[in-house]
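One letter stands for each residue in the lines below.
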Amino acid sequence: MTVDEVRALPAVVDLPTAARVLGLGRSAAYELVRLGAWPTPVLRLGRLIKVPSAPLLELLGLAAPDAM
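The shown structure was predicted, so the numbers you read here are calculated from the model rather than taken from an experiment.

Q: An account of the overall build of the protein is requested, with residue identities and associated values reported.
A: A count of helices and strands for the protein gives four helices and three strands. Secondary structure elements of the protein, listed N to C terminal, follow the sequence α-β-α-α-β-β-α. Over its C-alpha trace the protein gives a radius of gyration of 12 Å, about what one expects of a compact globule, namely 11 Å for 68 residues. Projected onto its principal axes, the C-alpha coordinates of the protein cover approximately 35 × 25 × 15 Å. The buried share among the 68 residues of the protein stands at 28%.

Below you can see the structure in the form of structure tokens.
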């Protein structure tokens, strides 16, 4: 993903999308979450796993765009 694509992400993304942002595969991402080793907070909504985009941007050293 390009920097512009990452910055354009919605506030919350699914785990496979978050994995792509970090250059990881889907299986590795689910395994990291299962082990409690995923590097950002995750939201568990029933069986769904969602990842807030702001911590991903912070992890990558990308400032969130200013809200106007």
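The rest of the description comes next.
Q: Could you give an account of the sheet that holds strand 1 (residues 12–14), with specific residues and numbers?
A: The strand order 1-3-2 describes an open sheet built from three strands, whose pairing is antiparallel. Only two strands of the sheet have a single neighbouring strand rather than two, namely strand 1 and strand 2 (43–45). The average angle at which neighbouring strand axes cross in this sheet is 35°, direction not considered. Inspection of the sheet shows strand 1 paired to strand 3 (residues 48–52) by three bridges, in the antiparallel sense.

Rules behind the numbers
- Residues numbered from 1 in each chain as written.
- Predicted model: local features only at pLDDT ≥ 70, side-chain atom pairs only at ≥ 80, totals over all residues.
- Heavy atoms only, no water.
- Helix = DSSP H or I, 4+ residues; strand = E, 2+ residues; numbered from the N terminus.
- Rg over C-alpha atoms; globule rule 2.2 N^0.38 Å.
- Buried < 20%, exposed > 50% of the residue type's maximum accessible area, 1.4 Å probe, protein only.
- Pairing = 2+ DSSP bridges.
- Axes fitted to C-alpha atoms, helices over the stretch in contact; angles between N-to-C directions.

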